[in-house]
Amino acid sequence: LTLSLAAYYLVNKSRESSKEEPNQASHPFRNARYRQEKFPQSAQFLDFQWTPEGLSGQFRGVMSGLKPLQWDCLLQVDKKCFAKEMNLKKALVNKSGKYRKLVTAGLETRTDAQKELLNLVVDNLKAFHQDDFEVEKDFVKVKITGKTFRFSDYEKEPLILLAQLVQEDFIILEYDSTDCCWRFASGFAAFSFVELGINGERSFMKPGADVATIHTPVPGFNPNIYKQVSNYFKALKGDNAFWRANWLVTPMEGISPFENEILEGEDAEARTRGEDLDEETLSSHALFDLGTKPISELAVRSEYQTIFKLPESGCLVFGVHSYIDPLESLVVTPRAAAMVGRTTGNMDEKTLKYRGINQASQDNIVRYCKHLESNL
């Protein structure tokens with residue numbers, strides 16, 4: 001998933017009061033219905049943004065779908081998979097392991113911003129997540145796993161500590177005053193950008209790349225959405241934060257492409273986005289190929305993205321919490337199924353190709369989602 005796909009698939013209608021009916025709550029994380037054991041976490045955003053009229057924001061110019069964020073909703077502790085995902089992250093960022101270089105970038109760049117981000121997140125845990133974290137002057141204890149992390153052990157690698165505390169990934173951008181653009185400085189992407197890579201392995205996302213270059217493969221991003229995003233970045237203040245979410249139908253897989261290799265000792269499956277293709281071909285190359293996979297082998301993968309500016313360093317931060325659930329899990333949320341079906345049915349040719357959806361797959365997804373939608 002990329003930082004901009006939500007520009008096409010999110011509703012911009014805001015929810016004003018968390019005291020109204022559950023579907024009118026001010027944020028998905030505050031909605032008790034979505035916290036139920038059987039509710040797929042990847043679908044909470046789709047269900048939350050459902051409207052009877054359909055995707056009211058989908059075809060409205062190049063709207064980004066950004067919504068104001070209250071700081072208590074910066075992070076989500078998804079207890080059903082927290083321990084597993086933290087074990088995966090531990091293996092992925094292990095300094096002596098083979099994965100760190102695949103999921104981190106620019107660890108020696110803008111350490112001032114990295115430390116500022118770590119402090120912000122730790123303060124957030126202390127303020128809003130006391131049930132799951134114990135925060136003291138010298139350490140943080142993760143109550144779910146029982147693990148304690150001392151700040152002094154990560155003085156030179158604040159992002160590595162952050163990666164092991166929360167399920168979110170974080171990307172830091174810095175402003176290039178010479179070229180008047182925002183560039184990717186550092187970050188870790190254990191569960192996000194898995195189809196593209198964080199170091200330019202299979203796309204244009206690599207340290208030093210500007211936002212326009214990163215989004216070269218994304219249909220419709222340049223130049224219109226790029227101009228809007230750039231203007232928004234310039235105006236963003238340190239005390240403001242925003243959120244949005246996006247989704248993809250993918251093959252049923254783990255939250256990380258290395259999950260089975262780490263947990264089960266299996267070989268990681270090769271990603272289908274060509275590593276040796278030239279830029280022109282790669283820009284329109286599919287993220288993956290759904291082929292003729294049946295519904296039982298498909299999943300909904302979503303990203304909850306937060307966007308804010310660090311007041312001291314002036315750097316921008318993208319926080320990304322990734323989720324994946326079987327497509328069949330949408331049976332408990334016909335509204336989310338309606339969102340997936342309507343959007344998939346209305347995708348243009350370039351977007352379908354980018355998402356690896358052929359005609360047979362498109363028809364299959366739309367037909368299944370309409371069946372679930374009939375339960376509304």
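Everything below is about the structure shown above.
For every chain, the first residue of its written sequence is number 1, and the numbers climb from 1 along that sequence. Totals for whole chains, interfaces and linings use all residues, but because this is a predicted model, local features are given only for residues with pLDDT of at least 70 and pairs of side-chain atoms are given and counted only at 80 or more. With hydrogens and water set aside, each side-chain value is computed from the structure's full complement of heavy atoms.

Visitor: What is the right way to read helix α3 (residues 82-92) from this model?
Guide: Quick reminder: α-helices carry 3.6 residues per turn. Residues three or four places apart thus point the same way. For every residue, the accessible area (1.4 Å probe, protein chains only) is compared with the maximum for its type, and the residue is labelled buried under 20%, exposed over 50%, or partly exposed between those bounds. The helix count covers DSSP runs of H or I at least four residues long, the strand count covers runs of E at least two residues long, and both are numbered beginning at the N terminus. The set of residues buried in α3 consists of F82, E85, M86, L88, K89 and L92. Relative to the axis of α3, the buried residues are bounded by an arc of 160 degrees and lie together on one face. To obtain the arc, one takes the directions from the helix axis to the C-beta atoms.

Visitor: Teacher, can you tell me more about the nonpolar core here?
Guide: A general trend in soluble globular proteins is that nonpolar side chains are found buried together. Counting 68 residues, the largest nonpolar core has L117, L162, L165, V166, F170 and L330 as its most contacted members. Any pair of residues with heavy atoms lying within 4.5 Å of one another is described as a contacting pair. Those residues in contact with L330 that lie beyond four places of it in its chain are A43, V300, A336, A337, V340 and L372. We define the nonpolar core as a collection of buried residues of types Ala, Val, Leu, Ile, Met, Phe, Trp, Tyr and Cys that are connected through side-chain atoms lying within 4.5 Å of one another. Counting 16 residues, the second largest nonpolar core, distinct from the first, contains L173, W182, A189 and I307.

Visitor: In this structure, what is going on with the sheet that holds strand β6 (residues 169-176)? I would like to understand it.
Guide: The sheet built from 7 strands is open, its strands ordered β1-β8-β9-β10-β6-β7-β2 with antiparallel pairing. Looking along the sheet, the strands with just one partner apiece sit at the ends: β1 (67-68) and β2 (104-105). DSSP-based pairing: two strands are paired if at least 2 bridges between them are found. Note that β1 and strand β8 (residues 241-251) share 2 bridges and pair antiparallel. Opposite K67, over in β8, you have W243 as the bridge partner.

Visitor: Would you take a moment to explain the packing of helix α5 (residues 111-128) against helix α6 (residues 158-165) for this structure?
Guide: Each pair of packed helices can be described by the angle between their axes along with the distance between the axes. Note on definitions: angles span 0 to 180 degrees between N-to-C directions of axes, and those axes are lines fitted to C-alpha atoms, for helices only across the stretch in contact. At their nearest, the axes of α5 and α6 sit 8 Å apart, and the two run at 30 degrees to each other. By the angle between their directions, the pair α5 and α6 is classed as roughly parallel. Like other packed secondary-structure pairs, α5 and α6 cross with a definite hand, here left-handed. In this structure, α5 uses T111, Q114, K115, L117, L118, V121 and V122 to contact α6, whose residues at the interface are P158, L159, L161, L162 and L165. Partitioned by chemical class, the residues of the contact of α5 with α6 number 9 nonpolar, 2 polar and 1 charged. The cut-offs work like this: below 35 degrees is roughly parallel, past 145 is roughly antiparallel, 65 to 115 is roughly perpendicular, and the gaps in between are oblique. Handedness of a crossing is defined here by the sense of rotation of the near helix relative to the far one, left-handed for an anticlockwise turn of less than a right angle and right-handed for a clockwise turn. Three categories are distinguished: nonpolar for Ala, Val, Leu, Ile, Met, Phe, Trp, Tyr, Cys and Pro, charged for Asp, Glu, Lys and Arg, and polar for the others, with Gly belonging to the last.

Visitor: Would you mind going over the sheet that holds strand β3 (residues 133-135) with me for this structure?
Guide: The strands making up a sheet are joined through hydrogen bonds of the backbone, oriented either antiparallel or parallel. Pairing in this open sheet of 3 strands is antiparallel, and the strands run β3-β4-β5 from one edge to the other. Since the sheet does not close on itself, it has two edges, and those belong to β3 and β5 (147-150), each with one partner. Sheet twist, expressed as the mean angle between neighbouring strand axes with direction ignored, is 15 degrees. Pairing geometry for strand β4 (residues 139-142) and β5, over 4 bridges, is antiparallel. Note on β5: the bridge partner recorded for V142 is K147. The strands that α6 touches are β3, β4 and β5; relative to β5, the one it contacts most, it runs at about 160 degrees.

Visitor: Looking at this model, I keep getting lost on the pairing of strand β7 (residues 181-188). Mind explaining?
Guide: Side-chain positions along a regular strand alternate between the two faces of the sheet. Counted residue by residue, β7 has 7 buried out of 8 residues, so it is predominantly covered. As paired elements, β2 and β7 share 2 bridges and run antiparallel to each other. Residue A105 lies in a different strand from β7, and its bridge partner there is G187. Bridge count for β6 against β7 is 7 bridges, and the pairing is antiparallel. By the bridge assignment, I171 is partnered in β7 with G187. Here β6 hands over to β7 after 4 residues, with C180 in that stretch at a positive phi of 55 degrees.

Visitor: Looking at this structure, how should I read the packing of aromatic side chains?
Guide: Two descriptors summarise a pair of aromatic rings, namely the distance from one centre to the other and the angle between the planes of the rings. Stacked, tilted and edge-to-face are the three classes assigned to paired rings of Phe, Tyr and Trp, where Trp is represented by its six-membered ring and a pair needs centres within 6.5 Å; plane angles under 30 degrees give stacked, over 60 edge-to-face, the rest tilted. In the structure shown here, the tally under the stated rule is 14 aromatic pairs. Summarising the aromatic geometry, the rings of F48 and W243 are spaced 6.0 Å apart at their centres and angled 50 degrees between planes, so their arrangement reads as tilted. Of this pair, F48 sits in helix α2 (residues 44-48) while W243 is found in strand β8, placing the two residues 195 residues apart along the sequence. Each member of the pair, F48 as well as W243, is classed as buried. Among the aromatic side chains, those forming a connected cluster through ring pairs are F29, F45, F48, W243, Y304 and Y323. Both a distance and an angle decide whether a charge sits over a ring: NZ of Lys or CZ of Arg must be within 6 Å of the ring centre and within 35 degrees of the ring normal. Against the face of W243 rests K67, its NZ or CZ located 5.1 Å from the ring centre. The ring of W247 carries R355 above its face, with NZ or CZ at 5.1 Å from the centroid.

Visitor: Which parts of the structure should I look at to understand the packing of α3 against α6?
Guide: Following both chains from N to C, one finds α3 and α6 inclined at 155 degrees, their axes separated by 8 Å at the closest point. Put simply, α3 runs roughly antiparallel to α6. When α3 is examined against α6, the residues F82, M86, K89 and K90 are found in contact with a partner set consisting of A163, Q164 and L165. Residues that form the contact of α3 with α6 fall into these classes: 4 nonpolar, 1 polar and 2 charged.

Visitor: Help me understand the pairing of β4 in this model?
Guide: Because side chains alternate across β4, one face comprises the buried residues V140 and V142, and the other comprises F139 and K141, none of which is buried. Relative to β4, β3 runs antiparallel, the two being bridged by 3 bridges. Within the sheet, the bridge partner assigned to E134 lies in β4 and is K141. Counting the residues that bridge the hairpin from β3 to β4 gives 3 residues.

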